[in-house]
Amino acid sequence: MPVRGERGATLRRGRTLVRSERRQEQAPMIKKEKRKLTPWVIYSRIISFWAPSILLTKLGKMPDPNMQQAWREKIALVSLIILVCAIVVYLTIFLAMTFCPESAAKTQYDVVQFNDSSQVGMIGILGGAFSTLEATWKVRLGFTPLPGQDLTPYFDVPLPDECKAESIQGLRAATQNLCEPNNGNDGCPLGDKDTAIKENNFKNEDERPIGYDWDDVHNGYFVINGYVVNLNPYLNTVGKAKDGDILDEAIFSAANSEKVDATLLFQRTSQLKDAGKCLIKRYAAGVLAKDTPGCFAVNLFNYVALAVIGGIVLTRFIMAVIFQYILSWQLVKRPPRNKVRPLSYNAAAPWTGKKPQTGGAKSTLAKGDEDELFTIMLVTCYSEGDESIRGTCDSLCRTTFSDSRKLLFIVADGIIKGSGNDRTTPDICVDLIEQEEAFTDPQPCSYLAVADGSKQHNMAKVYCGYYNIDNHRTPAMVVVKCGTPDEQSAAKPGNRGKRDSQMILMNFFSRVLFNDRMVPLDYDLFRKVHHLMGVTPDLFEIVLMVDADTKVHEDSLRLLVNCMNNDQLIMGLCGETKIANKRDSWVTAIQVFEYYISHHLSKAFESVFGGVTCLPGCFCMYRLKARKGDDWVPILTKPEICTEYSQNVVKTLHEKNLLLLGEDRFLTTLMLRNFPSRKMMFMPQATCKTLVPDEFKVLLSQRRRWINSTVHNLLELVLVRNLCGTFCLSMQFSIFLDLVGTVALPVAIVLTYILIVRACTTSYNSVTAYLPLAMLIMVLFLPGLLIMITTRKWVYVLWMFVYLLALPVWNLVLPTYAYWHFDDFSWGETRKVHGETKDTGHGDGGGTFDAGSVPLKRWEDYERKRLRSIRRKERKEADDSSSYQMPMVDDSANAGLLKNSVEDSMYYESHPGYSFMGDTASNSVEGSSGTLGNYHPQQQQQQQQYELQSYPTMNNSMYGAEPDPYGASYADYSAQQQQQQQHQDGVPYGAYDDYAYDQQAAAPPRQRPGGPRDFH
């Protein structure tokens, strides 16, 4: 225990989270090394060889080599999509035509079987079945025909047109007279075919063919493309093959061969193909009633495909219903108190004091329930209006969750005035909160932005206060990205995009959990979070991400947190997003059912595996950190995730589609790749409403981004092998089918209409004929059954028919437009800014980034300098009054951090080896927050037993097994060594502006956020 006048304890460098996972080597999706001549690059250049660089520069207006390469890769991707679509079309339509022509597809179910005793009186004429039960034979044949016997040789058959083709003229079998006396039938005793059929009263049996088994095909009979031909009259007439006649050679070869299927024999040349058509028309005896090898293979493929696709559709449906009725309700229920894990804090953190005193929130916020985790409610704003932002914040603050456990965190992305707004977005956001008097005029703070070039340096101002609505007084912070002084004259100063807004929060909590070096903005956030909440930021475990045009239902936050409490392996969640403006236009109407089915069918099925592939950014929740045994592991704040998600230099088309178009899906992909054993879930009980595009051009722009981002993210996820499931019932196989289904969307609608036409024209006389119809009904109307089971709202059935009418838009127009714009990385019409003509992006910047412009220091360094500033101020005031006395400095009410005296500060600075942690081994969370009481020893024992439950380890090691990377003792790390280390890092010690309280002593008049006036 330090005595007054000593220094060192509260500023001791301590370990927060141990870093075993930080040492793991991950395969990053975004590679920083210089791009090499990969096979993909080579293929893209080969496929676009017809467009040289000079042509792209002059006519395509693409002078940048990176733009040219992106265009070439777009052509390469489109070529692969066309190939996939062609394969799907071939397998669906042309596979049967190739290996099983229409004639060969006929089976015993719709034929008159040859030599079938039940078919007495049936004869065959040119392969067709005719009944002779009522016949009046004008000429007696002298024998009784067998059932289905071919009597074509007894008729004079006219020469068909197929035998008059020029390519086969000169081939004897095509034109040979078959009514000669030596044909084995005494010529043609029944006369002309058509006349004899009419005179003898032969009745056609519904145009049914004569069917032959393989055993019936012999002695001059053989098979061509599934047709059985009778060449006996020709063979008897000619006797032997004609020299040089390729058709005769084929006929005699087939007639004398044991293999009676001569299809391949007549496929060798185009002349033989034409000759085969002639033989079928002139010598047909019937069809093969048993499947040919080709037909058998086609039918086998169709059955397997139908079984797999139908099985997946039914499995998705059944699992989605089971999840919604059983699994989801078990997760959203409130956990019993004996299973609630007590709040924990980093006892080794340097900001942890023996008896910390906090100001502000301690006296105004009520104590929260034990199962309410500290939650950040992140709202990212760009160009939305007052009504949208206010509606979102109202809904979040009205949630049935204690105000003391939630913090409204609004980020305004630049000094921007949205189209139709009378104020800038930062002005709208700041006016929403009741500011704290001590922080009414915040100063801009530097931070590292997600951008390129000089735009990596950005500045932001942090406003803090309370959001008041009804009986709720919710702590709130508004971060305004105002930009550096050099960009104040730009169109959108401070604008760096939504991903940068998310990274402000993610980087901040990552640095807090690991006590990494902070940028000035991080330290400012730390002070104000502590001041508002009465706890240090390391107690926060959850972040709820909401867009500024989304309204969350009152119980949604509580339900999502319940899921996090009930299953510690859940790292991400989303609820159901409903459409608020569904009746505004036909564009909004066609989206209602699409939103519904994407949640209740797709995401519900994926939740059974714990692998939802996309948490929508408009309404989702992530863990900042998670329990693992008796320790903590970073989740969203894992350094590898922060590093990849904040990648600022993206060159390839694949990287830009990942990072610039679909941040939400890319973040989900990162989480699944880094934590494949953890879960991403969907909770249908947690709902929200959002505004969707009401104009087609806006919908076109939005879906272009979503579809392209989906394709590239699925390409990454399909390579993750250790996802849940196995073979056809695995997430990896499901992702592969989603990928193929997404790229084949343009042909899917065409095949759907072909299937509808075939369903209307097919005569259903066999089980096989019903399969396409069953599949069509299953795909189109099974979602309607899901609606009736899950919601029991018949109105959604009407929305389903509206969606079906718009299928050409969803499956043809939007995907085709998206694929051709693979190299368009702008947000287009989705968010419009006042006076902006075209979105040019926010991440590209010229110039060179000066690393020294953004200082990086640890929290204790910032705090030590702040205390020194206070001491200098007090000394100056004492010198001015000529009656200086060493005062006690109580900074808790103003800054909400530590209650220290200058004497203690001096002691800590001169005694860095002093450790106060042994004196703070209290069983109270009050050691960090000062708001929670001590636990009873018996409760503490139960807590330890509960926390020691085994959870799946990562990489075969318990988190926390690695020694402190900063050394066994921090005591030897003197102030001089710290200063020297800062110089080695390229950041001069003390480069950051003082956070002295003389800047906050007198509350100046309130100013609008941003603008050059803040830099003077």
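As the structure is a prediction and not an experimental result, all values here were calculated from the model.

Description of the overall build of the chain
Moving on, step 1. Looking only at helices and strands, one finds 30 helices and 23 strands in the chain.
Moving on, step 2. The buried share of the chain, taken over its 1016 residues, is 56%.
Moving on, step 3. Contacts in the chain between residues far apart in sequence, at least 24 positions, make up 81% of those at least 6 positions apart.
Moving on, step 4. Split by element, the accessible area of the chain, about 44,200 Å² in all, is 55% carbon and sulfur.

Focus on the pairing of strand 15 (residues 542-547)
Remember that side chains alternate between the two faces of the sheet whenever the strand is regular.
Moving on, step 1. With six of six residues buried, strand 15 is to be regarded as a mostly interior element.
Moving on, step 2. Judged by which residues are buried, strand 15 turns out to be covered on both faces: Ile-542, Leu-544 and Val-546 on one side and Val-543, Met-545 and Asp-547 on the other are all buried.
Moving on, step 3. Pairing of strand 9 (residues 375-381) with strand 15, which is carried by six bridges, proceeds in the parallel orientation. Paired with Met-377 across the strands is Leu-544, a residue of strand 15.
Moving on, step 4. As judged from the five bridges shared by strand 15 and strand 18 (residues 619-623), these two strands associate in the antiparallel manner.

Concerning unusual backbone geometry
Moving on, step 1. Despite not being glycine, Asp-470 has its phi angle at roughly 55°, a positive value.
Moving on, step 2. In this structure, Asp-470 sits in the loop between strand 13 (457-469) and strand 14 (472-481).
Moving on, step 3. Phi is positive for Asn-515, which is not a glycine, with a value near 50°.
Moving on, step 4. You can see Asn-515 is positioned in the loop between helix 13 (498-514) and helix 14 (520-533).
Moving on, step 5. Look at Asn-515 and you get buried, because its relative accessible area is 0%.

Remarks on the nonpolar core
Soluble, globular proteins show a tendency: their nonpolar side chains are buried together.
Moving on, step 1. Within the largest apolar cluster, 180 residues are counted, with the highest numbers of intra-cluster contacts made by Leu-408, Phe-540 and Tyr-622.
Moving on, step 2. Looking at this core element by element, the count peaks at twelve residues for helix 16 (residues 586-609).
Moving on, step 3. If sequence neighbours within four positions are ignored, Phe-540 has contacts with Phe-374, Thr-375, Ile-376, Leu-407, Phe-509, Val-529, Met-533, Val-535, Leu-624 and Lys-625.
Moving on, step 4. Counting residues in each nonpolar core, the second largest holds 27 residues, with Leu-171, Ala-174, Phe-222 and Phe-252 among its members.

Focus: the side chain of Arg-499
Moving on, step 1. Checked against the element boundaries, Arg-499 lands in helix 13.
Moving on, step 2. The side chain of Arg-499 sits in the buried core without any salt bridge; Glu-663 is the nearest counter-charge, 5.2 Å away.
Moving on, step 3. Not counting the four nearest positions on each side in its chain, Arg-499 is found in contact with Val-450, Tyr-645, Ser-646, Gln-647, Leu-659, Leu-660 and Glu-663.

Points about helix 16
Moving on, step 1. For helix 16, spanning 24 residues, the distance from its first C-alpha to its last is 35 Å, which sits close to the expected 34 Å at 1.5 Å a residue.
Moving on, step 2. A large share of helix 16 lies buried, amounting to 20 of its 24 residues.
Moving on, step 3. Directly beyond the C-terminal end of helix 16, a positive phi value near 70° is found at Gly-610.

Some points on the state of the cysteines
Moving on, step 1. Counted by the stated rule, this structure contains two disulfides.
Moving on, step 2. One disulfide bridge connects Cys-163 with Cys-278, the sulfur atoms lying 1.8 Å from each other. On the sign convention where negative means left-handed, the S-S torsion of about 100° between Cys-163 and Cys-278 marks this disulfide as right-handed. You can see Cys-163 sitting in the loop between strand 4 (149-150) and helix 4 (172-175) and its partner Cys-278 sitting in helix 8 (residues 270-283), a full 115 residues away along the chain. Comparing Cys-163 with Cys-278, the two get one shared label, buried.
Moving on, step 3. Covalently, Cys-179 is tied to Cys-188 through a disulfide, its sulfur atoms 2.0 Å apart. Measuring handedness by torsion sign, the sulfur bridge of Cys-179 and Cys-188 sits at about -95° and is left-handed.
Moving on, step 4. Since its relative accessible area comes to 24%, Cys-179 is described here as partly exposed.
Moving on, step 5. Judged by relative accessible area, which is 17%, Cys-188 ranks as buried.
Moving on, step 6. Lacking any disulfide linkage, Cys-397 is separated from the closest cysteine sulfur, that of Cys-393, by 6.4 Å.
Moving on, step 7. Judged by relative accessible area, which is 0%, Cys-397 ranks as buried.
Moving on, step 8. Note on Cys-429: no disulfide assigned, nearest cysteine sulfur contributed by Cys-381 at a separation of 3.9 Å.

Observations regarding a nonpolar patch on the surface
Moving on, step 1. A contiguous nonpolar surface patch, about 800 Å² in accessible area, is contributed by Leu-80, Leu-83, Ile-87, Tyr-90, Leu-91, Phe-94, Met-97, Phe-99 and Phe-301.
Moving on, step 2. When you line up the elements, Met-97 lands in helix 3 (residues 65-99).

Brief notes about the packing of aromatic side chains
Moving on, step 1. Under the criterion given, the structure shown has 20 aromatic pairs.
Moving on, step 2. Measuring from centroid to centroid gives 5.3 Å for Phe-605 and Phe-609, while their planes differ by 75°, and the two rings are edge-to-face. Placement of both Phe-605 and Phe-609 in helix 16 is noted, with a separation of four residues, approximately one turn of the helix.
Moving on, step 3. Of the residues examined, Phe-605 reaches a relative accessible area of 5% and is grouped as buried.
Moving on, step 4. With a relative accessible area of 14%, Phe-609 lands in the buried category.
Moving on, step 5. An aromatic cluster is defined as three or more aromatic residues linked by ring pairs; in this entry it consists of Phe-374, Phe-508, Phe-509 and Phe-540.

Structural notes on the pairing of strand 10 (residues 406-412)
Moving on, step 1. The element strand 10 is largely enclosed, with a buried count of seven among its seven residues.
Moving on, step 2. Burial of strand 10 is two-sided: the residues Lys-406, Leu-408, Ile-410 and Ala-412 facing one way and the residues Leu-407, Phe-409 and Val-411 facing the other way are all buried.
Moving on, step 3. As judged from the seven bridges shared by strand 9 and strand 10, these two strands associate in the parallel manner. If you follow Thr-380 over to strand 10, its bridge partner there is Val-411.

Remarks on the environment of Gly-170
Moving on, step 1. By the secondary structure assignment, Gly-170 is in the loop between strand 4 and helix 4.
Moving on, step 2. Along the chain, Gly-170 and Leu-247 lie 77 residues apart, while their C-alpha atoms are 9.9 Å from each other.
Moving on, step 3. Not counting chain neighbours up to four residues away, the residues in contact with Gly-170 comprise Lys-242 and Asp-245.

Quick look at the pattern of salt bridges
Moving on, step 1. On inspection of all chains with the given rule, the structure shows 30 salt bridges.
Moving on, step 2. For Arg-558, the salt bridge is made with Glu-372, and the minimal N-O distance between the two is 2.5 Å. Of this pair, Arg-558 sits in helix 15 (residues 556-566) while Glu-372 sits in the loop between helix 10 (361-364) and strand 9, and the two are 186 residues apart along the sequence. Both residues of the pair, Arg-558 and Glu-372, count as buried.
Moving on, step 3. Linking Arg-398 and Asp-470 is a salt bridge whose minimum nitrogen-to-oxygen distance equals 2.7 Å. Note that Arg-398 is positioned in the loop between helix 11 (386-397) and strand 10 and Asp-470 in the loop between strand 13 and strand 14, a separation of 72 residues in sequence.
Moving on, step 4. On the basis of relative accessible area, Asp-470 is assigned to the exposed category, the value being 58%.
Moving on, step 5. Beyond isolated ion pairs, a larger network of salt bridges with shared partners links Asp-386, Arg-390, Asp-422, Arg-423 and Asp-431.

Section: the packing of helix 20 (residues 696-717) against helix 21 (residues 731-743)
Think of two packed helices as two axes; the pair is described by the angle between the axes and how far apart they sit.
Moving on, step 1. Here helix 20 crosses helix 21 at 150°, and the two axes come no closer than 9 Å. When the axis of helix 20 is compared with that of helix 21, the two are roughly antiparallel. When the axes of helix 20 and helix 21 are compared, the crossing they make is left-handed. When helix 20 is examined against helix 21, the residues Thr-710, Val-711, Leu-714, Leu-715 and Leu-717 are found in contact with a partner set consisting of Ile-735, Asp-738, Leu-739, Thr-742 and Val-743.
Moving on, step 2. Tallied by class, the residues present in the contact of helix 20 with helix 21 amount to seven nonpolar, two polar and one charged.

What to know about helix 11
Think of an α-helix as 3.6 residues a turn; residues three or four steps apart then line up on the same face.
Moving on, step 1. Taking 1.5 Å per residue as the helical rise, helix 11 with its twelve residues ought to reach 16 Å, and the 16 Å between its terminal C-alpha atoms agrees with that figure.
Moving on, step 2. Within the sequence span of helix 11, burial applies to Ile-389, Gly-391, Thr-392, Cys-393, Asp-394, Ser-395, Leu-396 and Cys-397.

Comments concerning the confidence of the model for the chain
Moving on, step 1. Across the chain, the average pLDDT comes to 77, with 76% of residues at 70 or higher.
Moving on, step 2. pLDDT under 50 marks residues 354-363. Its contacts with residues more than four places away, or in other chains, come to 26 contacts.
Moving on, step 3. Of the regions scoring below 50 in pLDDT, residues 886-1016 engages in 299 contacts with residues more than four places distant in sequence or in other chains.

What counts, and where the lines are drawn
- Residues numbered from 1 in each chain as written.
- Predicted model: local features only at pLDDT ≥ 70, side-chain atom pairs only at ≥ 80, totals over all residues.
- Heavy atoms only, no water.
- Helix = DSSP H or I, 4+ residues; strand = E, 2+ residues; numbered from the N terminus.
- Buried < 20%, exposed > 50% of the residue type's maximum accessible area, 1.4 Å probe, protein only.
- Contact = heavy atoms within 4.5 Å.
- Areas by Shrake-Rupley, 256 points an atom, 1.4 Å probe, with all protein chains shown as cover.
- Pairing = 2+ DSSP bridges.
- Core = buried A, V, L, I, M, F, W, Y, C linked by side-chain atoms within 4.5 Å.
- Lys, Arg positive; Asp, Glu negative; His and termini not counted.
- Salt bridge = Lys/Arg side-chain N within 4 Å of Asp/Glu carboxyl O.
- Expected span 1.5 Å × (residues − 1).
- Disulfide = S-S within 2.5 Å.
- Patch = residues over 30% accessible without salt bridge, like charges linked within 9 Å, V, L, I, M, F, W, Y side chains within 5 Å.
- Phe/Tyr/Trp six-rings, centres within 6.5 Å; stacked < 30°, edge-to-face > 60°.
- Axes fitted to C-alpha atoms, helices over the stretch in contact; angles between N-to-C directions.
- Parallel < 35°, antiparallel > 145°, perpendicular 65-115°, else oblique.
- Left-handed = near helix turned anticlockwise from the far one by under 90°.
- Nonpolar A, V, L, I, M, F, W, Y, C, P; charged D, E, K, R; others polar.
- pLDDT = per-residue confidence, 0-100.

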